[in-house]
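Coordinates in review
This is what each chain is made of:
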Amino acid sequence: MNRDHAVSQIKDCAAFDLVIIGGGASGLGAAVDAASRGHSVLLVEQSDFAKGTSSRSTKLVHGGVRYLKQGNVSLVLEALRERGLLVQNAPHLVHSLPFVIPNYHWWEGPFYGIGMKVYDGLAGKLGLEPSRYLNREDVIELLPNIEQEGLNGGIIYHDGQFDDSRLAINLAQTAVEKGAVLVNYMRCCGLLKAGPHVSGVHLRDEETGDEIQVQAKVVINATGVFADAVRQMDDASAKPMLSPSQGIHFVLPREFLPGDTAIMIPKTDDGRVLFAVPWHGRVVVGTTDTPVASASLEPRALAEEIDFIFTQVSRYLTRDPQRSDVLSVFAGLRPLIKAEAGSTAALSRDHLITISDSGLITLAGGKWTTYRKMAEDVIDHAEMIGALDHRHCATHELPIHGSETTPTDETHLHYYGSDALGIRALIDADPALGDQLHPKLEFLKAEVLWHVRHEMARTVEDVLARRTRALLLDARASLEAAPVVARLIAQELGKDSLWEQAQIHAYELLAQGYLLPA
């Protein structure tokens, strides 16, 4: 992917079959689907791909055990099927992970055991490994730091794990390979209309300030928690359809959860599920569910959410984490669809497609696991609204970029799949590029060059927050790595020292929000 080339394509081709606003999971999925059907597609993102919700998940591809408890069997069925397809189509990023539900009451074993057998059965042929009962000794062996007082045993089951923003980047690359045009840092400032109908978008290049008008047969609003703002560009009187909810996560050192098994606590004080999950050599713990009044690109963890996570996780670990142990704390917003409910934990996780009187299509709700099905549904609608030729969805068995060959790299570079060979080639040509960005981070200088040349990284934040996950894995170490990254990007993009300093300063301000106050 090359941003300068993409911007030139927009200017050269002022009309597309579809324009998609939003570069998160739903927008990127829609771009892949539409382009793979042969439609001309432009996707624009106001910031960087997956900047918002789509890089701030619990890192799980799952059917949703709690949705089964709520009786939403259709959502669980759909999600389990999509989980299986993701494991097949992106094996370099998605893998099976064992979870243990520890039992501290006599009834929990049969209760959760039966529930997980139902979960296994719903997955059918696309299932992972079957669930089974564990005795007390088995649980302690798998989870040495688990609270042992009152522990009776547990249930082990398997679900999917992934790297969310890496999948987003690979989806963007897949869409481009199928003929789509994608551009980050390109803001939609307004909608164009021919009479009462939406006919295109008014764009502003956030890097240059240039303004561009693009015609489209269909415009899709896939902006997640910002969907209502785009709907109101179309109709100022449109009533909000979303009720954002915030969830936060802690990242802890691996010693709090040694081994390769996650913990799932099926019910916390607020009725949510709590996870402690091994990820990239660290442990991700979360999440919360807090209603928020407005959407933000950089939500911040609230004091009460931080206290909640400490309280909940300390009940299940023999060594309780302290504030000084937290490597990073990050917050994300869920674009929940409004409903008459007492709390956001009860709002709909299903996706919803709406079509305004002007023809603007809005895709709202949903979750990462079902992104492909969401995309299929919205492009089916787009073909009808835009009078496009109907073509069957081709993404069920479409390999996602990076999965073309079986990954063989046994280092962290396996997350790049087949692209790991390209990064290795950079190091072979210049061994200095094999140096780490920071002693506490595994990421290499060669990766930064790869991100800029092939993944449309434009800023220090793009590299440290989303192309690598340094900001989430160790916010303080990422701060110390920022000058090295700024210098490498500047050399690639032809930027001067003033740009470097501005980038370092901007990243320092950002990363401070991921450090837990003492």
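Residues numbered from 1 in each chain as written. Predicted model: local features only at pLDDT ≥ 70, side-chain atom pairs only at ≥ 80, totals over all residues. Heavy atoms only, no water.

1. What to know about the overall build of the protein
Broken down by element type, the protein carries 16 helices and 20 strands. A globule of 518 residues ought to have a C-alpha radius of gyration of about 24 Å, and the protein, at 23 Å, matches this closely. Principal-axis analysis of the C-alpha atoms places the extent of the protein at approximately 65 × 55 × 45 Å. When each of the 518 residues of the protein is scored for burial, the buried share is 61%. Long-range contacts, defined as pairs at least 24 residues apart, comprise 71% of the intrachain contacts of the protein with a sequence gap of at least 6. Summed over all atoms, the accessible surface of the protein reaches about 20,100 Å², with 53% contributed by carbon and sulfur. Seen as two clouds, the 48 positive and the 66 negative side-chain charges of the protein have centres 2 Å apart. (Helix = DSSP H or I, 4+ residues; strand = E, 2+ residues; numbered from the N terminus. Rg over C-alpha atoms; globule rule 2.2 N^0.38 Å. Buried < 20%, exposed > 50% of the residue type's maximum accessible area, 1.4 Å probe, protein only. Contact = heavy atoms within 4.5 Å. Areas by Shrake-Rupley, 256 points an atom, 1.4 Å probe, with all protein chains shown as cover. Lys, Arg positive; Asp, Glu negative; His and termini not counted. Charge placed at Lys NZ, Arg CZ, Asp CG, Glu CD.)

2. Some remarks on the environment of Val283
Here Val283 shows up in strand β14 (residues 282-286). What makes Val283 buried here is its relative accessible area of 1%. When sequence neighbours within four positions are dropped, the list of residues in contact with Val283 reads Phe250, Val251, Leu252, Pro253, Arg254, Leu257, Ala276, Val277 and Pro278.

3. Observations regarding the pattern of salt bridges
For the structure shown, the criterion picks out 34 salt bridges. Two residues, Arg372 and Glu82, come together in a salt bridge whose shortest N-O distance is 2.9 Å. Here Arg372, found in helix α10 (residues 371-385), pairs with Glu82, found in helix α4 (residues 73-89); they are 290 residues apart in sequence, far enough to count as distant. Arg372 sits in the buried class, given a relative accessible area of 5%. When the shortest N-O distance is used, the salt bridge between Arg458 and Glu207 registers 2.8 Å. Taken together, the residues span a long stretch of sequence, with Arg458 in the loop between α12 (445-454) and α13 (460-467) and Glu207 in the loop between β9 (197-205) and β10 (211-221) at a distance of 251 residues. On the basis of relative accessible area, Arg458 is assigned to the buried category, the value being 12%. Ionic contacts of the salt-bridge type, sharing partners, join the residues Asp48, Lys51, Arg56, Glu298, Arg300, Glu461, Asp462, Arg466 and Arg467 into one network. (Salt bridge = Lys/Arg side-chain N within 4 Å of Asp/Glu carboxyl O.)

4. Topic: the side chain of Glu45
Along the chain, Glu45 turns up in the loop between β2 (41-44) and β3 (60-61). No salt bridge is formed by the buried Glu45. Its closest oppositely charged neighbour is Arg187, at 8.0 Å. Dropping the residues within four chain positions of it, Glu45 is found in contact with Gly22, Gly23, Gly24, Val183, Asn184, Tyr185 and Met186.

5. Some words on the packing of α13 against helix α15 (residues 475-493)
To describe two helices that pack against each other, one gives the angle between their axes and the distance between the axes. Where α13 contacts α15, the two axes come as close as 8 Å, and the packing angle between them is 125 degrees. The angle between the axes of α13 and α15 places the two elements in the oblique class. As for how α13 packs across α15, the hand of that crossing is right-handed. Residues Val460, Val463 and Leu464 of α13 form the contact with α15, whose own contacting residues are Ser478, Ala482, Val485, Ala486 and Ile489. The residue makeup of the contact of α13 with α15, split by class, is 7 nonpolar, 1 polar and no charged. (Axes fitted to C-alpha atoms, helices over the stretch in contact; angles between N-to-C directions. Parallel < 35°, antiparallel > 145°, perpendicular 65-115°, else oblique. Left-handed = near helix turned anticlockwise from the far one by under 90°. Nonpolar A, V, L, I, M, F, W, Y, C, P; charged D, E, K, R; others polar.)

6. Thoughts on the packing of aromatic side chains
By the definition in use, this model includes 6 aromatic pairs. With a centroid separation of 5.5 Å and an interplanar angle of 75 degrees, the aromatic rings of Phe162 and Trp368 are classed as edge-to-face. You can see Phe162 sitting in the loop between β6 (153-161) and α7 (164-177) and its partner Trp368 sitting in the loop between β18 (361-365) and α10, a full 206 residues away along the chain. Each member of the pair Phe162 and Trp368 is classed as buried. One aromatic cluster is present, built from ring pairs that chain together Phe99, Tyr157 and Phe275. (Phe/Tyr/Trp six-rings, centres within 6.5 Å; stacked < 30°, edge-to-face > 60°.)

7. Details of a nonpolar patch on the surface
Residues Trp106, Trp107 and Phe111 make up a contiguous nonpolar surface patch of about 430 Å² in total accessible area. Along the chain, Trp106 turns up in the loop between β4 (95-103) and α5 (108-123). (Patch = residues over 30% accessible without salt bridge, like charges linked within 9 Å, V, L, I, M, F, W, Y side chains within 5 Å.)

8. Here we look at the packing of α13 against helix α16 (residues 497-512)
Where α13 meets α16, the closest approach of the two axes is 9 Å, and the angle between their N-to-C directions is 40 degrees. Compared by their axis directions, α13 and α16 come out oblique. In this structure, α13 uses Val460, Glu461 and Leu464 to contact α16, whose residues at the interface are Gln503, Tyr507 and Leu510. Tallied by class, the residues present in the contact of α13 with α16 amount to 4 nonpolar, 1 polar and 1 charged.

9. Considerations on the pairing of strand β12 (residues 262-265)
Along β12, one buried face is formed by Ala262 and Met264 and the opposite face, lined by Ile263 and Ile265, is buried too. Where β4 lies against β12, 2 bridges are found, and the strand directions are parallel. Its bridge partner being in β12, Phe99 is matched across the sheet by Ala262. Of the pairings in the sheet, the one linking β12 to strand β13 (residues 274-279) comprises 3 bridges and is antiparallel in character. Pairing of Ile265 across the sheet is with Leu274, part of β13. (Pairing = 2+ DSSP bridges.)

10. Section: the confidence of the model for the protein
Here the protein averages 91 in pLDDT, while 95% of its residues score no lower than 70. Below pLDDT 50 for its whole length, residues 340-348 participates in 18 contacts with residues either more than four positions away or in separate chains. (pLDDT = per-residue confidence, 0-100.)

11. Some details on the environment of Tyr507
Here Tyr507 shows up in helix α16. Separated by 45 residues in sequence, Tyr507 and Asp462 have C-alpha atoms that sit 9.9 Å apart. Once residues within four sequence positions are removed from consideration, Tyr507 is found in contact with Val460, Glu461, Leu464, Leu471, Ser478, Leu479 and Ala482. Within the structure, the side chain of Tyr507 is placed 2.8 Å from the side chain of Ser478, a separation counted as a polar contact. (Polar contact = N/O pair within 3.5 Å; in protein donor to acceptor, adjacent residues only side chain to side chain.)

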